[in-house]
Structures are given as C-alpha cells and as structure tokens.
Amino acid sequence: DSVPVLSPKDFGSLKAARAGVLRLAQELAGVQQRLRAQEKLQEELQLSLARHGGDTLKRRLHEERLVYEDHIQTLSAADRERRADPAGRFEQSQSFADRLES
C-alpha cells in the first residue's frame, strides 16, 4: 500500500486540471442560477398575462401590427410615386435646400 509519488510536471498538470474543473463548476453554478431566475420570471410574466387579459393584449398587439403594416405600405407607395416622378424629386430637394438656407 504505497502512495504514488507524482513528478513535479505531473503535479503541475493535476493542479491545473483541478483549477479548471473548479472554474467550470463555478460557471455551471452561475448558469444554473440565471436559468432559475429566468424560469421564475417566465412564470411571473405568464401569470400576469393571464391575470390582465392575455386575449385583450393579443388583440391589441394584432391591431397595432395591422396599423403599422398599413403605414409601411403607405410610405412604400409614396416612395414609388416619388421615384416615378423625377421632377417632383427635384422640387422636393429644392424645397429642402430652401429650408436649410432659412
């Protein structure tokens, strides 16, 4: 029953491996703690959404998205009209330049 003797090189490698394992264990503990916090927040948000009318909120979000998409389509149509009318672009750039000079 003899105790194995490590060479200085092997002892250094063992010490480095131990430090690496400890660092990984600490990182894992931190990740697990953040995961638990995120899961708790998810539960709280789901309960709040259910309490405050999730269907109403979903409907409002849908309506706002429709308004947004309509606005984007209106802007796109205006951009297409401006590109189709080069004279109008020139007049717009002139009026913009006039405003800068004022």
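Residues numbered from 1 in each chain as written. Predicted model: local features only at pLDDT ≥ 70, side-chain atom pairs only at ≥ 80, totals over all residues. Heavy atoms only, no water.

Quick word on the overall build of the protein chain
For the record, the criterion: The helix count covers DSSP runs of H or I at least four residues long, the strand count covers runs of E at least two residues long, and both are numbered beginning at the N terminus. Here the Shrake-Rupley method, with its probe set to 1.4 Å, supplies the accessible areas, and only the displayed protein chains count as covering residues.
When its secondary structure is counted, the protein chain shows three helices and zero strands. Counting from the amino terminus, helix and strand elements in the protein chain follow one another as α-α-α. For the protein chain, the exposed area adds up to about 9,800 Å²; of that, 57% sits on carbon and sulfur atoms.

A closer look at the pattern of salt bridges
Proximity of charged atoms lets side chains of opposite charge pair with each other. As a reminder of what qualifies: Salt bridges are defined by distance alone: a side-chain nitrogen of Lys or Arg within 4 Å of a carboxyl oxygen of Asp or Glu. Burial here depends on accessible area, computed with a 1.4 Å probe over protein chains only, as a share of the maximum for the residue type. Under 20% is buried, over 50% is exposed, and the range in between is partly exposed.
Summed over the entire model, instances satisfying the criterion amount to two salt bridges. Glu27 serves as the salt-bridge partner of Arg23, at 2.9 Å between the closest nitrogen and oxygen. A residue pair is termed a helical-turn pair when its members lie 3 or 4 positions apart in one helix, as Arg23 and Glu27 do in helix H1 (residues 8-51) at four residues. The salt bridge partner of Arg65 is Glu69, with a shortest N-O separation of 3.2 Å. On the criterion of helical spacing, the pair formed by Arg65 and Glu69 is a turn pair, its members being four residues apart in helix H2 (residues 54-84). A relative accessible area of 52% places Arg65 in the exposed class.

Digging into H1
Definition in use: Each helix should span, by expectation, one fewer than its residue count multiplied by 1.5 Å.
Under the 1.5 Å per step criterion, the end-to-end length of H1 is 64 Å for 44 residues, consistent within 8% with the ideal 64 Å. Phi turns positive, to about 80°, at Gly53, one or two residues after H1.

A closer look at the confidence of the model for the protein chain
Put simply, the rule is: Along the chain, pLDDT gives the predictor's confidence residue by residue, from 0 to 100.
When the pLDDT values of the protein chain are averaged, the result is 85; 82% of them are 70 or greater. For the protein chain, helix H3 (residues 86-101) is the element with the lowest average pLDDT, namely 62, and H1 is the one with the highest, namely 93.

Thoughts on a nonpolar patch on the surface
This is how it is decided: Residues qualify for a patch when their relative accessible area is over 30% and they have no salt bridge, like charges being joined within 9 Å and the nonpolar side chains of Val, Leu, Ile, Met, Phe, Trp and Tyr within 5 Å.
On the surface, a nonpolar cluster with roughly 310 Å² of combined accessible area is contributed by Leu6, Phe11 and Leu14. By the element assignment, Leu6 lies in the segment before H1. Under the relative-accessibility criterion, Leu6 is labelled partly exposed at 46%.

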